[in-house]
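# Survey of secondary and tertiary structure
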Amino acid sequence: MNILSIETSCDETAAAVVKDGRTVLSDIVYSQAQLHRLYGGVVPEIASRKHIEHIDEVVNEAVKAAELTFSDIDAVAVTYAPGLIGALLVGVGFAKGLSYSLKVPLIPVHHLRSHIAANYITSPELEPPFICLVVSGGHSHIVEVVDYTNFKILGRTRDDAAGEAFDKAARVLGLPYPGGVEIDKLSAKGNPEAVRLPKIDIEGAPYDFSFSGLKTAVINVVHNLEQKGETFNKADIAASFNKAVSDTLTGKFMQAVENRGYKKAAIAGGVSANSMLRKNLQEHCESLGVKLYMPLMKLCGDNACMVGCQGFYEYKAGNTADMSLNGYATMSIENVIY
Ligand code: KG4
Ligand code: ZN
């Protein structure tokens, strides 16, 4: 089954063709990041406008790169929630038109479910059940993947998402958007023990996160140093912040892995590209005899092949939509609606 998939939830216009859920025939990503960099973050209206300019060529390119024609497409999958609403609607509208004209099923895909599915493409042997740390620009969750379309949230952030915290800390350090990868790179040159930053626990909720205090702490450290006119080493602050986030995510996730007795664990979302987090988790999982699955670096960020993969399992579960499909800025990974 050839699924043509579309992803426009944020600032990547992406399309792919995926065969039978796990074989990627093409994977096209047009990133707008350079453009948003001018403004220090994603400007939603610009994102929507760029999607509408580029979606046609990106989709055509995906079909061409798969060495297929539109008549070989058996279904259209699209990210419909959560994300920037104007951006999502471009993908949803385009997918509806394609599904209608090709007379093939329309499959709505939840963005975080698709991030988790990036692991099925990277590791074809992986099957649920397993536990997953989902860390993106908008979400931080510890999720039990009970089955391909059955998810249970064990923990979540109470305020900022991990990626959001990275981006804000990067901004205060004068690093360009998107900041996560910049902090990651700069950290390699710094001392992670240089600055003491708080690690926040939430009473009675061992698997929940809070990153806004950490973000404020880093902002205060930088502002205090600036006010005193002291020169400071940005790399030390980046490394200390990176370590604080990575230690918090790893500590809480490993507690959940152990307490729930999982021997298979995965990570997903843009922040899963973070080198300190990957190394930290790898070491902890190894010491517990837990197999850790991580997406290929190029599949950590937003792409459409993960949508085609999850779309296959949604289709098998009977989760298709009609022409009334809408986009949604927020939606739980557990209870999806169309
Ligand atoms: O999953 P994603 O591409 O988009 C959303 O669904 O939100 O995640 C984007 C987030 C951004 O906040 C970005 O700074 C962060 O992932 N990110 C990283 C790294 N690469 C991307 N954060 C830390 N380290 C990285 N290497
Ligand atoms: Zn994403």
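Below: a short report on this structure. Here the residue numbers are simple positions, counted from 1 along each chain's written sequence. Key to labels: chains lettered from A, ligands numbered from 1, both in the order written. Where totals are concerned, whole chains, interfaces and linings use all residues; where local detail is concerned, this predicted model gives features only for residues with pLDDT of at least 70, and gives and counts side-chain atom pairs only at 80 or more. Excluded from the side-chain calculation are hydrogens and water; included are all heavy atoms of the structure.

Another point: the site of ligand 1. We call a residue near a molecule or strand when any one of its heavy atoms sits within 4 Å of it. By nearness alone, 18 residues border ligand 1, and His-115, Gly-137, Asp-167, Asp-184 and Gly-270 come closest of all. Think of a polar contact as two N or O atoms within 3.5 Å of one another; within protein, one of them needs to be a possible hydrogen donor and the other a possible acceptor, and neighboring residues in sequence only count if both atoms come from side chains. Within the side chain of Asn-274, a nitrogen or oxygen atom sits 3.0 Å from a nitrogen atom of ligand 1. With respect to ligand 1, the side chain of Asp-302 contributes an N or O atom lying 3.4 Å from an oxygen atom. About the coverage of ligand 1: the protein hides 86% of its 550 Å² of free accessible area. With respect to the detected pockets, ligand 1 is housed in the largest pocket. Contributing elements (two or more residues each) for the shell around ligand 1: α4 (111-122), α5 (162-172) and α6 (179-187). Polar here means any residue other than Ala, Val, Leu, Ile, Met, Phe, Trp, Tyr, Cys and Pro, which are nonpolar, and Asp, Glu, Lys and Arg, which are charged; Gly is therefore polar. Across the shell around ligand 1, the residue classes tally to four nonpolar, 11 polar and three charged. Where accessible areas are quoted, they stem from the Shrake-Rupley method and a 1.4 Å probe; at the residue level, only the protein chains shown are allowed to cover. Using protein atoms alone on a 1 Å grid, points that fit a 1.4 Å probe yet trap it form a cavity, whereas open point sets bounded by protein on both sides within 12 Å along at least five of seven lines form a pocket; residues with an atom within 4 Å of a point count as lining. In this scheme, a molecule is assigned to a cavity or pocket if more than half of its atoms are within 2 Å of the grid points. Strands are runs of DSSP state E lasting at least two residues, helices are runs of H or I lasting at least four, and both sets are numbered from the N terminus onward.

Ideal geometry at a metal centre: 109.5 degrees between donors when four sit tetrahedrally, and 90 or 180 degrees when six sit octahedrally. Counted as donors are the N, O and S atoms within 2.8 Å of the metal, or 3.2 Å for Na, K and Ca, while water is not among the atoms, so some sites may look incomplete. For the zinc ion (ligand 2), the protein coordination sphere consists of His-111 (NE2), His-115 (NE2) and Asp-302 (OD), at 2.0 to 2.1 Å. Between consecutive donors of the zinc ion (ligand 2), the numbers of intervening residues give the motif H-x3-H-x186-D. With His-115 in helix α4 and Asp-302 in the loop between β10 (291-293) and α10 (305-316), this residue pair connects regions lying 187 residues apart in the sequence. Like His-115, the residue Asp-302 is buried in the burial classification. Here the term buried applies to any residue with accessible area under 20% of the maximum for its type, exposed to any over 50%, and partly exposed to those in between, with areas from a 1.4 Å probe on protein chains only.

Moving on: the packing of aromatic side chains. Any two rings among Phe, Tyr and Trp, with Trp reduced to its six-membered ring, count as a pair given centres within 6.5 Å; such a pair is stacked if its planes are under 30 degrees apart, edge-to-face if over 60, and tilted if neither. One pass over the structure, following the stated rule, counts nine aromatic pairs. Their ring planes at 90° and their centres at 5.5 Å tell us that Phe-166 and Phe-241 sit as a pair that is edge-to-face. Remark: Phe-241 occurs in helix α8 (residues 234-259) and Phe-166 occurs in helix α5; sequence separation between them is 75 residues. With respect to class, Phe-166 is no different from Phe-241; both count as buried. Here the aromatic rings of Phe-209 and Phe-211 are separated by 5.8 Å at their centres, their planes lie at 15°, and the arrangement is stacked. Here Phe-209 and Phe-211 have matching classes, each one buried. An aromatic cluster of three or more residues is present, and its members are Tyr-120, Phe-130, Tyr-148, Phe-312 and Tyr-313. Counted as over-ring charges are cases with an Arg CZ or a Lys NZ within 6 Å of the ring centre that also lie within 35 degrees of the ring normal. Here Lys-291 stacks its cationic end above the ring of Tyr-293, 4.9 Å away from the centre of that ring.

A word on the sheet that holds strand β8 (residues 150-156). The strand order across the open sheet formed by five strands is β8-β7-β6-β9-β10, and the pairing between neighbours is mixed. Two strands in the sheet have a free side with no partner beyond their single neighbour: β8 and β10. Ignoring which end each strand starts from, the neighbouring axes of this sheet average 25° apart. The pairing of strand β9 (residues 264-268) with β10 spans three bridges and is parallel. Two strands qualify as a pair provided DSSP detects at least 2 bridges between them. Fitted lines through C-alpha atoms serve as axes, helices being fitted only where they are in contact, and the angles separating the N-to-C directions of these axes extend from 0 to 180 degrees.

Here we come to the packing of α6 against α8. Here α6 crosses α8 at 110°, and the two axes come no closer than 8 Å. It follows from the interaxial angle that α6 and α8 lie roughly perpendicular. Crossing angle aside, the handedness with which α6 passes α8 is left-handed. For the pair formed by α6 and α8, the contact residues are Ile-183, Asp-184, Leu-186 and Ser-187 on the first element and Lys-234, Ala-235, Ala-238, Ala-239, Phe-241 and Asn-242 on the second. An angle below 35 degrees is read as roughly parallel, one above 145 as roughly antiparallel, one from 65 to 115 as roughly perpendicular, and any other as oblique. Two helices crossing with the near one rotated counterclockwise from the far one by less than a right angle form a left-handed crossing, whereas a clockwise rotation gives a right-handed crossing. Residue contacts are defined here by distance: any two heavy atoms, one from each residue, within 4.5 Å place the two residues in contact.

Given a rise of 1.5 Å per residue, 12 residues ought to cover 16 Å, and the 17 Å separating the end C-alpha atoms of α4 matches this to within 8%. In terms of burial, α4 is a largely internal element, 11 of the 12 residues being buried. Among all positions of α4, only His-111, Leu-112, Arg-113, Ser-114, His-115, Ile-116, Ala-117, Ala-118, Asn-119, Tyr-120 and Ile-121 are buried. Expected helix span is given by 1.5 Å per residue-to-residue step, counting one fewer step than there are residues.

The next thing to look at is the environment of Val-307. Position of Val-307 relative to the elements: it lies in helix α10. C-alpha of Val-307 to C-alpha of Phe-70: the two residues are 237 residues apart in sequence and 18 Å apart in space. In contact with Val-307, not counting residues within four places along its chain, are Ser-5, Ile-6, Glu-7, Ala-77, Val-78, Thr-79, Val-109 and Ser-114.

Function cannot be read off these values alone, since they describe shape.
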